[in-house]
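What follows is each chain in one-letter form.
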Amino acid sequence: MNVALKMNRCAACGSTDVKVENGMYTCRACGESLDHGMSGADLERVQRVMLGGDTKAAQELRNRYKNLDITTWSSADRLQN
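Nothing here was measured: the structure is a model prediction, and the numbers come from that model.

**Q** Let's hear about the sheet that holds strand 3 (residues 33-34): which residues, and what values?
**A** Spatially, the 3 strands line up as an open sheet ordered 1-2-3, and their pairing is antiparallel. At either margin of the open sheet sits one strand with a lone partner, and together these are strand 1 (18-21) and strand 3. With 2 bridges joining them, strand 2 (residues 24-27) and strand 3 adopt antiparallel strand pairing. For Thr-26, the partnering residue across the bridge sits in strand 3 and is Ser-33.

**Q** So, the packing of helix 1 (residues 40-50) against helix 2 (residues 55-64): which residues are in play, and what are the values?
**A** Put simply, helix 1 and helix 2 touch, their axes get as near as 10 Å, and they point 130° apart. By the criterion of interaxial angle, the relationship of helix 1 to helix 2 is oblique. Helix 2 is crossed by helix 1, and the crossing has left-handed handedness. Where helix 1 approaches helix 2, its residues Asp-42, Arg-45, Val-46 and Val-49 are matched on the opposing element by Ala-57, Ala-58, Glu-60, Leu-61 and Arg-64. Of the residues in the contact of helix 1 with helix 2, the class split is 5 nonpolar, no polar and 4 charged.

**Q** Can you lay out the state of the cysteines for me, pointing to particular residues and giving the numbers?
**A** Chemically, a disulfide is nothing more than a covalent bond linking the sulfur atoms of two cysteines. All chains considered together, the criterion is met by 0 disulfides. Free cysteine Cys-30: the closest other cysteine sulfur is in Cys-27, separated by 3.7 Å. Since its relative accessible area comes to 27%, Cys-30 is described here as partly exposed.

About the criteria used
- Residues numbered from 1 in each chain as written.
- Predicted model: local features only at pLDDT ≥ 70, side-chain atom pairs only at ≥ 80, totals over all residues.
- Heavy atoms only, no water.
- Pairing = 2+ DSSP bridges.
- Helix = DSSP H or I, 4+ residues; strand = E, 2+ residues; numbered from the N terminus.
- Axes fitted to C-alpha atoms, helices over the stretch in contact; angles between N-to-C directions.
- Parallel < 35°, antiparallel > 145°, perpendicular 65-115°, else oblique.
- Left-handed = near helix turned anticlockwise from the far one by under 90°.
- Contact = heavy atoms within 4.5 Å.
- Nonpolar A, V, L, I, M, F, W, Y, C, P; charged D, E, K, R; others polar.
- Disulfide = S-S within 2.5 Å.
- Buried < 20%, exposed > 50% of the residue type's maximum accessible area, 1.4 Å probe, protein only.

Printed below as a string of structure tokens:
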């Protein structure tokens, strides 16, 4: 299975709808314009969750980033957005 992972995410809201130009990360979802994207540590956590990480980590990330578009599966809920 081949999974496409987004490497640029907004540091403010977590959205992948980010335009990088001249070293500036401009998010189309929340309108923030920053000189950096999401931290490498949080980006790695998002990728681990997307590849089957725990739901507690997913919920922490969702609470921190309002436009984080990740889906997780659990046996109890079947699907969480």
